[in-house]
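Residue-level structure breakdown
Listed below, chain by chain, are the residues.
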Amino acid sequence: MSFSDKVVLVTGGSSGIGAATAIAFAKEGAKVAIVGRNEEKLAATAAACGDNALVLRADISDEKQAVDLVKRTIDTFGKLDILVNNAGISRQASLLQGNILQVYDEVMNTNLRAVFHLTSLAAPHLIKTKGSVVNISSVGGTAAPTVPMFMTYSVSKAGLNHFTKAAAAELAPHGVRVNAISPGPVKTDIIENSGFPVTWDRFREMTALNRVAEPEEIADLVMFLASDKARSITGSNYFSDNGILIKK
């Protein structure tokens, strides 16, 4: 599928699913604005995207930076066709440790509040192009976490799932589609960044297909949902979890 006339904004584009998504769109001819906080990793993603990449080093949970990154995207490329809300964090917290509110605020500010804000900022531009939004959620937003440490992350993704449906309903009359993807375990740097005491082998054992996905697999699904092949799909949540939800 070709995206040669499209402009795509990808948050969390410095690594993992975000980087794979930005690179995949760029290979299909799209102009890509890549948002992230790690300058070195952003540069690597941009290099893989080629000449049509705009690097936006920003913290999306900061309101002023969010406004600026959308403005810079429009100023550079003149329009916006696709918004991929991928950026997300996970932190350890539990009700009994006493740190739940601090972690809750940090996780929610990035995983959910920033998505509300960015989608609101992008919406007028997406209406002009009859564009689409793809939110990267998680199976954690559907299944109750069995480990308390995942509580805030799972709640943020459950909220993102509801936001997807609500946003889809509001924007549908304007020709803008909004969908979500709920991956299971994907080989990214989330374990390293969150500090969770779990291994990829353990994640693999939790799936029915006995495997962990690669970021490119999720990027393929993002591109499908953003393409005309999915022109009748909005308000949906696509699962790509290697069967973790059906594992007995």
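Provided above is the structure to which this section pertains.
Summarised in this report is the structure supplied together with it. Values in this document were obtained by computation on a predicted structure and should not be read as measured data.

Quick look at the sheet that holds strand β6 (residues 177-183) now. Reading across from one edge, β3-β2-β1-β4-β5-β6-β7 is the order of the 7 strands in this open sheet, with parallel pairing throughout. Two strands in the sheet have a free side with no partner beyond their single neighbour: β3 (53-57) and β7 (237-240). Within this sheet the neighbouring strands show an average axis-to-axis angle of 15°, counted without direction. Strand direction decides the pairing type here: strand β5 (residues 132-136) and β6, joined by 5 bridges, are parallel. Residue pairing for β6: I136 is matched across the bridge by I181. In the packing of helix α8 (residues 215-226) onto the sheet, contacts are made with β4 (82-85), β5, β6 and β7, and the angle to β6 comes to roughly 165°.

Further remarks concern the environment of V107. Examined against the element boundaries, V107 turns out to sit in helix α4 (residues 100-129). With 46 residues separating them along the chain, V107 and Y153 place their C-alpha atoms 6.6 Å apart. Not counting the four nearest positions on each side in its chain, V107 is found in contact with I89, R91, L112, T152, Y153 and S156.

On to the packing of helix α3 (residues 63-77) against α4. One can describe the packing of α3 onto α4 by two numbers: an axis separation of 10 Å at closest approach and a directional angle of 30°. If you check the angle between α3 and α4, you find them roughly parallel. In the packing of α3 onto α4, the handedness of the crossing is right-handed. Of α4, the residues touching α3 (which contributes E63, A66, V67, L69, V70 and I74) are R113, H117, L118, L121 and H125. Looking at the contact of α3 with α4 residue by residue, the classes come out as 7 nonpolar, 2 polar and 2 charged.

Moving on, we get to the environment of I181. Topologically, I181 is positioned in strand β6. Since its relative accessible area comes to 0%, I181 is described here as buried. Here the alpha-carbon distance between I181 and D68, two residues 113 residues apart in the chain, equals 26 Å.

This paragraph deals with helix α5 (residues 151-171). In a regular helix each residue adds 1.5 Å, so 21 residues correspond to 30 Å; α5 covers 30 Å between its end C-alpha atoms and thus fits that length. Inspection of α5 places T152, Y153, S154, S156, K157, L160, N161, F163, T164, A167, A168 and L171 among the buried residues, and these make up the whole buried set.

What follows deals with unusual backbone geometry. Of note, K130 is a non-glycine position whose phi angle comes to about 55°, a positive value. When you line up the elements, K130 lands in the loop between α4 and β5. Judged by its relative accessible area of 54%, K130 falls in the exposed class. Here N210, not a glycine, exhibits a phi torsion of approximately 55°, which is positive. Secondary-structure assignment places N210 in the loop between α7 (200-205) and α8. We classify N210 as partly exposed; its relative accessible area is 42%.

Procedures and definitions
Residues numbered from 1 in each chain as written. Predicted model: local features only at pLDDT ≥ 70, side-chain atom pairs only at ≥ 80, totals over all residues. Heavy atoms only, no water. Pairing = 2+ DSSP bridges. Helix = DSSP H or I, 4+ residues; strand = E, 2+ residues; numbered from the N terminus. Axes fitted to C-alpha atoms, helices over the stretch in contact; angles between N-to-C directions. Contact = heavy atoms within 4.5 Å. Parallel < 35°, antiparallel > 145°, perpendicular 65-115°, else oblique. Left-handed = near helix turned anticlockwise from the far one by under 90°. Nonpolar A, V, L, I, M, F, W, Y, C, P; charged D, E, K, R; others polar. Buried < 20%, exposed > 50% of the residue type's maximum accessible area, 1.4 Å probe, protein only. Expected span 1.5 Å × (residues − 1).

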